[in-house]
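Here's the letter readout for the chains.
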Amino acid sequence: MIRIVPHQNIFDTAKKMETWQAIVLGVSSIATIASITLNAIKPNSEFPSRDIAITIINASATLFAIAFIILDILINERFYTGGKDKRIDLVDHAFDTNFSGEKSIGYFNHGGINPGIYKLAVLGFENSLFTCNISKKMAANKWVVTSIISAIFIVSACIGNKDLVNNLFQIAATGVLIQQAIRLQQFSNRIAIIHSEFKSP
């Protein structure tokens, strides 16, 4: 069966950006751990460049924290655009219209149902079911990652790293992580309610 999903490119781009964001976050976390470790070492003649290494690591961690925040903004924009296009495509399939300019093929099924409100309800139920299941899993994973990375950044700010600029960006990145987890949890909860409403008589 032929499958053409015009809005899928937008979601694929967002997923690639999320992969890069995860790498950036990982590198920033490793740099933060390295900074904590180096700060724990007392200055001595065996490691005279300790302070220079800490400065370079802190600067790198700051740049990666900034990159993380910028990627978050770009990813949100991509998901918003993809979601909007997907909803227009769903309406096109439900009512046999062409608001999107290019309908997907093989993505929204139920070709045997006549266009109208009932078809919109069927497509909405199916979409909410899949989205609900996927978002629950994503939210659980996001909370685990958020907890671990936030703990690293908070420990760095409290005991290891005294560089103000680095701490500010790490706190901002932690705030973005927590915000992502909360937004995803809220989205998952709203989708669960919508899905539940579809199931009620």
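Conventions and cut-offs
Residues numbered from 1 in each chain as written. Predicted model: local features only at pLDDT ≥ 70, side-chain atom pairs only at ≥ 80, totals over all residues. Heavy atoms only, no water. Helix = DSSP H or I, 4+ residues; strand = E, 2+ residues; numbered from the N terminus. Rg over C-alpha atoms; globule rule 2.2 N^0.38 Å. Buried < 20%, exposed > 50% of the residue type's maximum accessible area, 1.4 Å probe, protein only. 1 Å grid on protein atoms, 1.4 Å probe; cavity = no way out; pocket = protein on both sides within 12 Å on 5 of 7 lines; lining within 4 Å. Points joined across faces, edges and corners; volume = space filled by probe spheres on them. Nonpolar A, V, L, I, M, F, W, Y, C, P; charged D, E, K, R; others polar. Phe/Tyr/Trp six-rings, centres within 6.5 Å; stacked < 30°, edge-to-face > 60°. Contact = heavy atoms within 4.5 Å. Salt bridge = Lys/Arg side-chain N within 4 Å of Asp/Glu carboxyl O.

**Regarding the overall build of the protein chain**
The helix and strand tally for the protein chain stands at four helices and zero strands. A compact globule built from 201 residues should have a C-alpha radius of gyration of about 17 Å, whereas the protein chain, at 23 Å, is more than 25% larger. Its C-alpha atoms give the protein chain principal-axis dimensions of about 80 × 35 × 25 Å. Per-residue burial over the protein chain gives 35% buried out of 201 residues.

**A look at the layout of surface pockets**
Of the volumes computed, that of the largest pocket is approximately 1600 Å³. Lining the largest pocket are 40 residues, and of these Phe 11, Phe 79, Met 138, Leu 184 and Phe 187 sit closest to its centre. Mapped by element, the contributors of at least two residues to the lining of the largest pocket are helix H1 (8-40), helix H2 (50-95), helix H3 (117-160) and helix H4 (164-199). The element that contributes the greatest number of residues to the lining of the largest pocket is H3, accounting for 12 residues. Its residues placed into classes, the lining of the largest pocket shows 19 nonpolar, 11 polar and 10 charged.

**Focus on the packing of aromatic side chains**
Aromatic rings considered in pairs are described by the distance between their centres and by the relative angle of their planes. Per the counting criterion, the structure on display carries one aromatic pair. Taken together, a centroid distance of 5.9 Å and an interplanar angle of 45 degrees make the contact between Phe 11 and Phe 79 tilted. In this pair, Phe 11 sits in helix H1 while Phe 79 sits in helix H2, placing the two residues 68 residues apart along the sequence.

**Describing the environment of Phe 95**
Assignment of secondary structure puts Phe 95 in helix H2. In this structure Phe 95 comes out as partly exposed when scored by relative accessible area, which is 31%. The spatial distance from the C-alpha of Phe 95 to the C-alpha of Glu 77 is 27 Å, given a sequence separation of 18 residues. The residues touching Phe 95, leaving out its near neighbours within four places in the chain, are Pro 115, Gly 116, Ile 117 and Leu 120.

**Details of the pattern of salt bridges**
Under the counting rule described, the total for this entry stands at four salt bridges. A salt bridge links Asp 72 to Arg 183; the shortest N-O distance between them is 3.9 Å. Placement of Asp 72 in helix H2 and of Arg 183 in helix H4 is noted, with a sequence separation of 111 residues between them. Lys 84 serves as the salt-bridge partner of Asp 85, at 3.7 Å between the closest nitrogen and oxygen.

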